[in-house]
Amino acid sequence: MLRKIQICLCFCFVSGLLYEISLLSSSVFSYLPVAQHYLTPEQVLNLGKSIIFLETTERLEPPPLVSCSVESAARIYQDRPIILFMRGLTNETALDMNTSYAAFSLLSSMKNVFIFPLQMETVFQETPLLQWYNQVVPEQEKNWVHVSSDASRLALIWKYGGIYMDTDVISIRPIPQQSFLAAQKSRFSSNGIFGFPARHKFVWDCMENFVLKYNGNIWGNQGPFLMTRMLKTLCNLTDFQGTEDHSCQNISFLNPQRFYPIPYPAWGRYYQVWDKSPSFNHSYALHLWNFMNRNRKVVEAGSNTLAEKLYKTYCPTTYEDLIQNAKHRDLPSPEDAE
């Protein structure tokens, strides 16, 4: 009798585990709030190796570049959860498939994409950032959108591990390294993309330095400058030669060609027509420098720009639904032309 009970309990446990795994592989987030769905952010994050994106503005409609970034990651990392945290969402927000927010329907149709509210107080629990968050006054912060994003990405990667990516990064092939920083140029690290296993000491040290050296008036002080000064405490940074990567103790410092083959002074080249498109053979992803795009250049169907070609190749659903179809919707009907 005891043996039968043990077998029954074992069967129930395995069935429950398989059910939760099946939810991860087939769950489609067709509407929000996320709290009404089966999986919580912690359940997805605890599966490990997540690709994390953040939206720290209040906007609810992901623009095409954000959608392309998420879609490209979902296609490149099909065996990993892709999570978009959005500050504008709450557990009371309800968006269904018929909403005018087209990107939600698009991203929700991807089996490994999850969209959750970004609840910073929860994210900062059990980290050095919580005290800072409780004391800071966002309305008085000059760069709050950027600073809050800098903090959130550190806390999430420290707690759960995985890869953080900015929402203007288009993935083109898998990143093989687990612990890495991305060089924007020689001797200078970005924080627009980085990856570490959970509870990595470097990330904890970055959070402590974030609080200790906090100055929200200096753009990047809690972002790329933080990563760079912390990396310099571990290694003597030198110039890159060719396309080789550097190693700093147990951290890979990846060549600028991996993510920044087009440097920020030349960011506009993504929106230009090239005689011959670059191969990007040495790159894992491409940072499109949206922060520099103050004139709000966008991808247009039929423009033949480099960015349009990237959309067609690495986020074809975004291109079709948000770029190509949007152009067709904007064309005047015969009745309008009269």
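In what follows, the structure referred to is the one given above.
Residues numbered from 1 in each chain as written. Predicted model: local features only at pLDDT ≥ 70, side-chain atom pairs only at ≥ 80, totals over all residues. Heavy atoms only, no water.

1. Digging into the overall build of the chain
When you go through the chain residue by residue, the secondary structure sums to 12 helices and 10 strands. Evaluated residue by residue, the chain yields a buried proportion of 51% over its 338 residues. A separation threshold of at least 6 residues defines the contact pool for the chain, and within that pool the share at least 24 residues apart is 75%. (Helix = DSSP H or I, 4+ residues; strand = E, 2+ residues; numbered from the N terminus. Buried < 20%, exposed > 50% of the residue type's maximum accessible area, 1.4 Å probe, protein only. Contact = heavy atoms within 4.5 Å.)

2. With respect to the layout of surface pockets
Considering only enclosed or pocket space, the largest pocket measures out at about 1,300 Å³ in volume. What lines the largest pocket is a set of 49 residues, among which His146, Asp166, Asp168, Asn290 and Phe291 lie closest to the centre. Looking at the lining of the largest pocket, the elements that each hand over two or more residues are strand 1 (51-55), helix 3 (64-76), helix 7 (144-160), strand 6 (180-185), strand 7 (188-196) and helix 9 (224-232). It is helix 7 that provides the largest number of residues to the lining of the largest pocket, a total of 6 residues. Taken together, the residues that form the lining of the largest pocket break down as 23 nonpolar, 17 polar and 9 charged. (1 Å grid on protein atoms, 1.4 Å probe; cavity = no way out; pocket = protein on both sides within 12 Å on 5 of 7 lines; lining within 4 Å. Points joined across faces, edges and corners; volume = space filled by probe spheres on them. Nonpolar A, V, L, I, M, F, W, Y, C, P; charged D, E, K, R; others polar.)

3. Observations regarding the side chain of Arg153
Note on placement: Arg153 falls in helix 7. Using a relative accessible area of 6% as the deciding quantity, one classes Arg153 as buried. Within the local environment of Arg153, its side chain forms a polar contact with the side chain of Tyr164, the two groups lying 3.1 Å apart. (Polar contact = N/O pair within 3.5 Å; in protein donor to acceptor, adjacent residues only side chain to side chain.)

4. Considerations on the state of the cysteines
As used in these notes, a disulfide is a covalent bond between sulfur atoms, one from each of two cysteines. Going through the model one piece at a time under the given rule, you end up with 2 disulfides. Bridging Cys68 to Cys315, the disulfide has an S-S length of 2.0 Å. The disulfide joining Cys68 to Cys315 has a torsion of about -85° about its S-S bond and is therefore left-handed. You can see Cys68 sitting in helix 3 and its partner Cys315 sitting in the loop between helix 10 (306-314) and helix 11 (316-330), a full 247 residues away along the chain. One exposure class covers both Cys68 and Cys315, and it is buried. Disulfide partner of Cys235: Cys248, at an S-S distance of 1.9 Å. Handedness of the Cys235-Cys248 disulfide follows from its S-S torsion of about 110°: it is right-handed. Pair noted here: Cys235 is in the loop between helix 9 and strand 8 (246-248) and Cys248 is in strand 8, with a separation of 13 residues, a long-range link. Taken individually, Cys235 and Cys248 each receive the classification buried, so the pair is uniform in this respect. Here the cysteine-cysteine linkages of the chain are recorded as 1-4, 2-3, numbering only bonded cysteines and doing so in sequence order. (Disulfide = S-S within 2.5 Å.)

5. As for the environment of Ser283
Relative to the helices and strands, Ser283 resides in the loop between strand 9 (251-254) and strand 10 (285-287). Here the alpha-carbon distance between Ser283 and Pro256, two residues 27 residues apart in the chain, equals 8.7 Å. Residues within four places of Ser283 in sequence aside, it is in contact with Ile172, Arg173, Gln257, Arg258 and Pro261.

6. Observations concerning the environment of Asp150
With respect to the helices and strands, the residue Asp150 is situated in helix 7. C-alpha of Asp150 to C-alpha of Gly220: the two residues are 70 residues apart in sequence and 8.7 Å apart in space. Leaving out residues up to four positions away in the same chain, Asp150 has contacts with Asn191, Phe210, Gln222 and Gly223. A polar contact of 3.0 Å, which involves the side chain of Asp150, links it to the side chain of Asn191.

7. A word on the packing of aromatic side chains
By the definition in use, this model includes 22 aromatic pairs. The structure contains a cluster of three or more aromatic residues connected by ring pairs, namely Phe124, Trp132, Tyr133, Trp144, Phe210 and Tyr214. The ring of Phe188 carries the charged tip of Lys185 above its face, separated from the ring centre by 5.7 Å. Taking the ring centre of Phe291 as reference, the NZ or CZ of Arg294 above it sits at 5.3 Å. (Phe/Tyr/Trp six-rings, centres within 6.5 Å; stacked < 30°, edge-to-face > 60°. Lys NZ or Arg CZ within 6 Å of the ring centre and 35° of its normal.)

8. Observations concerning the pairing of strand 4 (residues 162-165)
Along any regular strand, the residues point their side chains to alternate faces of the sheet. Both strand 1 and strand 4 contribute to a ladder of 2 bridges, which runs parallel. Residue pairing for strand 4: Ile52 is matched across the bridge by Tyr164. Sheet topology note: the strand 4/strand 7 ladder contains 4 bridges and is antiparallel. Paired with Tyr164 across the strands is Phe194, a residue of strand 7. (Pairing = 2+ DSSP bridges.)

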